[in-house]
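The lines below spell out each chain.
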Amino acid sequence: QVQVVESGGGLVQAGGSLRLSCVASGNIFSINTMGWYRQAPGKQRELVAVISRGGNTNYADFVMGRFTISRDNAKNTAFLHAVYLQMRSLKPEDTAVYYCNAARNSMNDYWGQGTQVTVSS
């Protein structure tokens, strides 16, 4: 079993920055990817960014260079257990609950409880 815990959300003005953190614990040795997703009220959950154990990254188009995902101890590709999301130039439309996901594969993944990000105009 894997436990996933996010932190770092909050209230920020438009144009500001926030850094989200996510730590996975438990049986982390077979985690292959970790990523961030978000869900705004009345909308479906959507991918924000994902990083693999080897450091490959993938971003949603709406990120447009504003967000950066990184991992803890990038030189150690033996396992993946902590990721971060640096968000800059935040917009009101970035307001959502941000969830961290840790996955062995598409059929075997774990979610955190989410952290609220609110961007005021």
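See the structure above.
Everything in this summary refers to the structure shown in the same document. All figures in this text were calculated on a predicted structure; none of them were measured in a lab.

What counts, and at which threshold
Residues numbered from 1 in each chain as written. Predicted model: local features only at pLDDT ≥ 70, side-chain atom pairs only at ≥ 80, totals over all residues. Heavy atoms only, no water. Salt bridge = Lys/Arg side-chain N within 4 Å of Asp/Glu carboxyl O. Helix = DSSP H or I, 4+ residues; strand = E, 2+ residues; numbered from the N terminus. Buried < 20%, exposed > 50% of the residue type's maximum accessible area, 1.4 Å probe, protein only. Phe/Tyr/Trp six-rings, centres within 6.5 Å; stacked < 30°, edge-to-face > 60°. Lys NZ or Arg CZ within 6 Å of the ring centre and 35° of its normal. Core = buried A, V, L, I, M, F, W, Y, C linked by side-chain atoms within 4.5 Å. Contact = heavy atoms within 4.5 Å. Disulfide = S-S within 2.5 Å. Pairing = 2+ DSSP bridges. Axes fitted to C-alpha atoms, helices over the stretch in contact; angles between N-to-C directions.

Details of the pattern of salt bridges
Now for step 1: Using the criterion set out here, one finds three salt bridges in the structure.
Now for step 2: Of the charged contacts in the structure, one is a salt bridge between aspartate 94 and arginine 66, with a shortest N-O distance of 2.7 Å. Of the two residues, aspartate 94 is situated in the loop between strand E8 (82-87) and strand E9 (96-105) and arginine 66 in the loop between strand E6 (57-59) and strand E7 (67-71); the sequence distance between them amounts to 28 residues. Comparing aspartate 94 with arginine 66 shows no difference in burial state: the two are buried.
Now for step 3: Residues joined by salt bridges that share partners form a network here, namely Arg38, Glu46, Arg66 and Asp94.

Focus: the packing of aromatic side chains
Now for step 1: For the coordinates displayed, the defined rule picks out one aromatic pair.
Now for step 2: Positioned over the ring face of tyrosine 99 is arginine 45, at 3.8 Å from the centre of the ring.
Now for step 3: One cation-aromatic arrangement involves arginine 45 over tryptophan 111; the distance from NZ or CZ to the ring centre is 4.6 Å.

Here's the deal with the nonpolar core
Now for step 1: Counting 31 residues, the largest nonpolar core has Met34, Trp36, Leu85, Met87 and Tyr98 as its most contacted members.
Now for step 2: Broken down by secondary-structure element, the contributors of at least two residues to this core are strand E1 (2-7), strand E3 (18-26), strand E4 (33-39), strand E5 (46-52), E7, E8, E9 and strand E11 (115-120).
Now for step 3: Look past the residues within four positions of methionine 87 in its chain and what remains in contact with it is Gly16, Ser17, Leu18, Leu20, Arg66, Phe67, Tyr98 and Val117.

Looking at the state of the cysteines
Now for step 1: For the structure on display, the rule yields one disulfide.
Now for step 2: For cysteine 22, the disulfide goes to cysteine 100, at an S-S distance of 2.0 Å. The sign of the -85° torsion about the S-S bond sets the cysteine 22-cysteine 100 disulfide as left-handed. In this pair, cysteine 22 sits in strand E3 while cysteine 100 sits in strand E9, placing the two residues 78 residues apart along the sequence.

Brief notes about the sheet that holds E1
Now for step 1: Pairing in this open sheet of four strands is antiparallel, and the strands run E1-E3-E8-E7 from one edge to the other. Looking at strand neighbours, the two that pair on one side only are E1 and E7, the edges of this open sheet. The mean inter-strand angle of the sheet, taken between neighbouring strand axes irrespective of direction, is 15°.
Now for step 2: Sheet topology note: the E3/E8 ladder contains six bridges and is antiparallel. The residue of E8 that forms the bridge with valine 23 is alanine 82.

These figures capture arrangement, not role.
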